[in-house]
Amino acid sequence: MLRRLNFNRFNIYQVPSSFLSLRVAVILLVAELLISQIGFMVLESYSFSEAFYMTVITISTVGFTEVQPLSPVGRFFTSGLIITNIGIFAYVLAVFSYYVIQGEIFKNMHFNLISASIDKLSGHVILCGYGKYGREIALHFHKHDVDFVVIENDPHKIEELQKSEDRILYLEDDATHDEVLVKAGISRASALISSLPDDSDNVFAVLTARQLNPRLTIISRSKDFRSQKKLLMAGANHVVMPEQIGGFYMATLFSKPGAVEFFSYITNEYQSDIGFEEVTYADLPAECQGRSLRELHIRQETGSNIIGYKAPDGHYEVNPSPDTILEKGASFIVLGNSRQLQRLRDYLEHYSETH
């Protein structure tokens, strides 16, 4: 099907930035210098220094005295060089104006600095989307010193990232593209969170990420219940439906307001010092593996409480028995304040030394 061209979209007074390449300008300038240098040495039998001098005064259009009188061929070569130089000089000047006056050179320097910082990351989180949920996730990561990279293609949100007081690493691109995920270090990342506003984009981002890194932990947002199954099939480990959670929260406030308010309090990091920790089988030192909760003495040694047990099949057990033993693929859910949870980490880390 033929499409009608809209010539009103084109501005004939503005050179498209895609035509202006700093690399091309440098190549043209270097090529002109080499051709001029070689041409004078071959055609006029000039020495290297004489040819260099003639090249400089010709390209710069200064017009000092010639080293030696030019032959007819040499004059023809010099005339062609001067005419060609007019076009090259105009292009180089346009590139210089675009990259310096419009700040593109500083943008490239900023992008290279961000890329270098991302290349140093390992075990970080890739956050796709910087909307209302992405901002909350980024705020949480900053509070807990979690390394992360934001992928966003909205110019207004990119400007918000650039003006942020927090140092946020970001890439301006579509999170569904393979290239940008590779630039974000997906092969070295530990997790990816897709909080894009459109469910179909989340499906593509999850599918692409799973193909690039099969070991990646992937969490995705979903607006539609029908998209939840698609996201899980695409490779997401967890799918969160904010609207469903919000509706459940409001309904429970009616039937169990005290319980919900207490849970809201202990999960609000700005009001409460209470937090949760998940202890997996791999987190336990070799001396602790195969021991029951009663033998680990976690409550006595750290003050934190084990309130849940997640079995390898995903089943949860609330307030597990003291005889419960952590198996491979299982984990404990621990509740405590920041000091107690820190003591828990230190206790497990130095368990072999103290026992």
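Remember, predicted model here, so these are calculated numbers, not experimental data.

Definitions and cut-offs
- Residues numbered from 1 in each chain as written.
- Predicted model: local features only at pLDDT ≥ 70, side-chain atom pairs only at ≥ 80, totals over all residues.
- Heavy atoms only, no water.
- Helix = DSSP H or I, 4+ residues; strand = E, 2+ residues; numbered from the N terminus.
- Buried < 20%, exposed > 50% of the residue type's maximum accessible area, 1.4 Å probe, protein only.
- Contact = heavy atoms within 4.5 Å.
- Areas by Shrake-Rupley, 256 points an atom, 1.4 Å probe, with all protein chains shown as cover.
- Pairing = 2+ DSSP bridges.
- Right-handed = clockwise from strand over helix to strand, strands pointing away.
- Core = buried A, V, L, I, M, F, W, Y, C linked by side-chain atoms within 4.5 Å.
- Axes fitted to C-alpha atoms, helices over the stretch in contact; angles between N-to-C directions.
- Parallel < 35°, antiparallel > 145°, perpendicular 65-115°, else oblique.
- Left-handed = near helix turned anticlockwise from the far one by under 90°.

A. Molecular detail of the overall build of the chain. The helix and strand tally for the chain stands at 15 helices and 10 strands. When burial is assessed residue by residue, the chain has 36% of its 355 residues classed as buried. Partitioning the intrachain contacts of the chain with sequence separation of at least 6 by distance along the chain shows that 57% fall at a separation of at least 24. Accessible surface, the chain as shown: approximately 22,800 Å² in total, 59% of it carbon and sulfur.

B. Just the pairing of strand β2 (residues 148-152), in detail. Of all five residues in β2, five are buried; the element is thus mostly enclosed. Alternating positions in β2 separate into two faces, F148, V150 and E152 on one and V149 and I151 on the other, with burial throughout. Judged from the four bridges that link them, strand β1 (residues 125-128) and β2 form a sheet pairing that is parallel. Within β2, the residue paired with C128 across the bridge is I151. Following the chain from β1 across helix α5 (residues 132-143) to the adjacent parallel β2, one finds a crossover that is right-handed. Where β2 lies against strand β3 (residues 169-172), four bridges are found, and the strand directions are parallel.

C. Spatial organisation of the nonpolar core. With 40 residues, the main nonpolar core has I126, V150, I151, L181 and L192 as its most contacted residues. With residues near it in sequence (within four places) discarded, L192 still touches I126, C128, L181, I186, A209, L216, T217, I218 and I219. The next biggest cluster of nonpolar side chains, apart from the first, holds 19 residues, and it includes V279, V334, L344 and Y351.

D. Fine view of the sheet that holds strand β9 (residues 316-318). Strands sit in the order β7-β10-β8-β9 across an open sheet of four strands; the sheet is antiparallel. Of all strands in the sheet, those bounded by a partner on one side alone are β7 (274-280) and β9. Strand after strand, the sheet turns through a mean of 25° between neighbouring axes, direction not considered. In this sheet, β9 lies alongside strand β8 (residues 305-310) in antiparallel orientation, the contact comprising three bridges. Bridge pairing in β9 places Y309 opposite E317. Sheet strands in contact with helix α14 (residues 338-349) are β7 and β10 (331-337), and its direction is about 135° off that of β10.

E. Local environment of the environment of E327. Here E327 lies in the loop between β9 and β10. Classification of E327 as partly exposed rests on a relative accessible area of 44%. Apart from the residues within four sequence positions on either side, E327 is in contact with Y281, Y309 and P312.

F. Structural context of the packing of helix α1 (residues 22-43) against helix α2 (residues 48-59). Contact geometry for α1 and α2: axes closest at 8 Å, N-to-C directions at 130°. Taken as axis vectors, α1 and α2 run oblique relative to one another. Crossing handedness for the pair α1 and α2: right-handed. Contacts between α1 and α2 involve E32, L33, S36, Q37, F40 and M41 on the former and, on the latter, F48, A51, F52, M54, T55, T58 and I59.

G. A look at the pairing of β8. Pairing analysis gives five bridges linking β8 to β10, with the strands arranged antiparallel. Each bridged residue has a counterpart across the sheet, and for K310 the counterpart in β10 is S331. Two successive antiparallel strands, β8 and β9, enclose a turn made up of five residues, where G314 displays a positive phi of approximately 95°.

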